[in-house]
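Residue-level structure breakdown
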Amino acid sequence: REQARKRERERGMKGTPTTLRGVGPCLAPGRRSGGVTRRGVRANGRKGAGPEMSSTSASSSSSSRREALLGGGVALLGGQLLVAKPTEAVQGMTAGRIPGLSGVDSEGFRTYSRPEGKMGGHGIGWSEIPKYQFRVPDGWKEEAVSIADLGGTEIDVRFAKSDEGQLAVVVAPVLRFMNVGFNADVRIEDIGSPDKVLNGFAPEILGGPVEEDDVVNQETMSKKLGGDALTYYIWETKSHDLLSATAFKNRVFIIALRANGRQWRTSKDALHAIQKSFRVDTSRTDFD
């Protein structure tokens, strides 16, 4: 019996590999998980048998692995959304943000021009998106666009500055407002009055309908960039929302700015300047 106990003590000193329950073979040998590795090495580096993982730790490891796999699946799915599928339409194929800001002018503003080749999530089958431009004060930064935003894939670009406000440009199909054929050539006047256009997009962009007494200013302007002049509808609301909309070819272009009370008090002139500077380039008409 004494010899048997001696042999048992010797086996315990040599140590045996620890099995991680709930963790599959995807872990590389020696990869740490819960303070214990597959080779029975503790997190402090000393070799030994190591305690067997509790059911709680095993469940946590299994859950983490499932989350990692699910996260990878979402990432792959998101990547598929960026892959251009064969189509007769011409769209920019460069995903992500492409720098489009000019240098600072004499008034302290930069001009953003939609970069040629920039990809837009505006539906397979649409023609290339016409260029547009607007001015922002130096210091405004472009932000990432998410399909979870209000406006979804129709938001083309976002900018913000923490002490001045934020903006988004929405490029929406004319079909959201009227029934027209593929590659139609529509102007904002064809869609309807300023009230009709505002009511058409306000719930999605502003988060709710706009009542008549919510609008403190409404204008109609004609502006030109490149080719023919376009009509622009311009609004200002009590909640410091500034909007401008126009239409060209088969899309409606909307710039929407928002500021809180503090931002509005210090930056309303700059925000109005951004709103009034919004223009769509009409020099090209061959988007068919």
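Residues numbered from 1 in each chain as written. Predicted model: local features only at pLDDT ≥ 70, side-chain atom pairs only at ≥ 80, totals over all residues. Heavy atoms only, no water.

**Examining a negative patch on the surface**
A cluster of acidic side chains, namely Asp195, Glu211, Glu212 and Asp213, defines a negative patch on the protein surface. Note that aspartate 195 resides in helix H4 (residues 194-205). (Patch = residues over 30% accessible without salt bridge, like charges linked within 9 Å, V, L, I, M, F, W, Y side chains within 5 Å. Areas by Shrake-Rupley, 256 points an atom, 1.4 Å probe, with all protein chains shown as cover. Salt bridge = Lys/Arg side-chain N within 4 Å of Asp/Glu carboxyl O. Lys, Arg positive; Asp, Glu negative; His and termini not counted. Charge placed at Lys NZ, Arg CZ, Asp CG, Glu CD. Helix = DSSP H or I, 4+ residues; strand = E, 2+ residues; numbered from the N terminus.)

**Details of the environment of phenylalanine 177**
With respect to the secondary-structure elements, phenylalanine 177 resides in the loop between strand S7 (165-173) and helix H3 (188-191). For phenylalanine 177, a relative accessible area of 15% translates into the label buried. Separated by 20 residues in sequence, phenylalanine 177 and valine 197 have C-alpha atoms that sit 7.8 Å apart. The contacts of phenylalanine 177, once residues within four sequence positions are left out, are Ile191, Val197, Gly200, Phe201 and Val252. (Buried < 20%, exposed > 50% of the residue type's maximum accessible area, 1.4 Å probe, protein only. Contact = heavy atoms within 4.5 Å.)

**Structural notes on the sheet that holds strand S4 (residues 132-137)**
Read from one edge to the other, the open sheet built from 3 strands follows the order S3-S4-S12, with strand pairing classed as antiparallel. The sheet terminates laterally at strand S3 (109-113) and strand S12 (279-280), the two strands that pair on one side only. Two strands pair when backbone bridges link them, and S3 and S4 are joined in this way by 5 bridges, in the antiparallel orientation. Counterpart to tyrosine 112 in the pairing with S4 is phenylalanine 134. Its contacts with the sheet put helix H5 (residues 261-277) on S3, S4 and S12, and the angle it makes with S4 is roughly 170°. (Pairing = 2+ DSSP bridges. Axes fitted to C-alpha atoms, helices over the stretch in contact; angles between N-to-C directions.)

**Some points on the side chain of serine 267**
On the secondary structure map, serine 267 appears in helix H5. In this structure serine 267 touches Asp163 and Glu164, once residues within four positions along its chain are discounted.

**Focus on the nonpolar core**
Formed by 25 residues in total, the largest nonpolar core has its most connected members in Ile191, Val197, Phe201 and Trp235. Counting only elements with at least two residues in this core, the list comes to S7, H3, H4, strand S9 (230-237), strand S10 (241-248) and strand S11 (251-258). In terms of residue count, H4 provides more of this core than any other element does, 5 residues in total. Not counting residues within four places of it along the chain, the set of residues in contact with phenylalanine 201 comprises Phe177, Trp235, Leu243, Ala245 and Ile254. Within the second largest apolar cluster, 24 residues are counted, among which are Val136, Val157, Leu167 and Val171. (Core = buried A, V, L, I, M, F, W, Y, C linked by side-chain atoms within 4.5 Å.)

**Some points on the pairing of strand S6 (residues 155-161)**
In terms of burial, S6 is largely enclosed, as 6 of its 7 residues are buried. Judged from the 3 bridges that link them, strand S5 (residues 141-143) and S6 form a sheet pairing that is antiparallel. Each bridged residue has a counterpart across the sheet, and for lysine 141 the counterpart in S6 is alanine 160. The antiparallel pairing of S6 with S7 creates a hairpin that spans 3 residues between the two strands.

**Quick word on the confidence of the model for the protein**
Residues at a pLDDT of 70 or more form 60% of the protein, whose mean pLDDT is 73. Here residues 14-96 scores under 50 on pLDDT; set against residues more than four positions off or in separate chains, the count is 75 contacts. For the stretch residues 121-125, pLDDT sits under 50, and the model shows 14 contacts to residues farther than four places along the chain or on other chains. (pLDDT = per-residue confidence, 0-100.)

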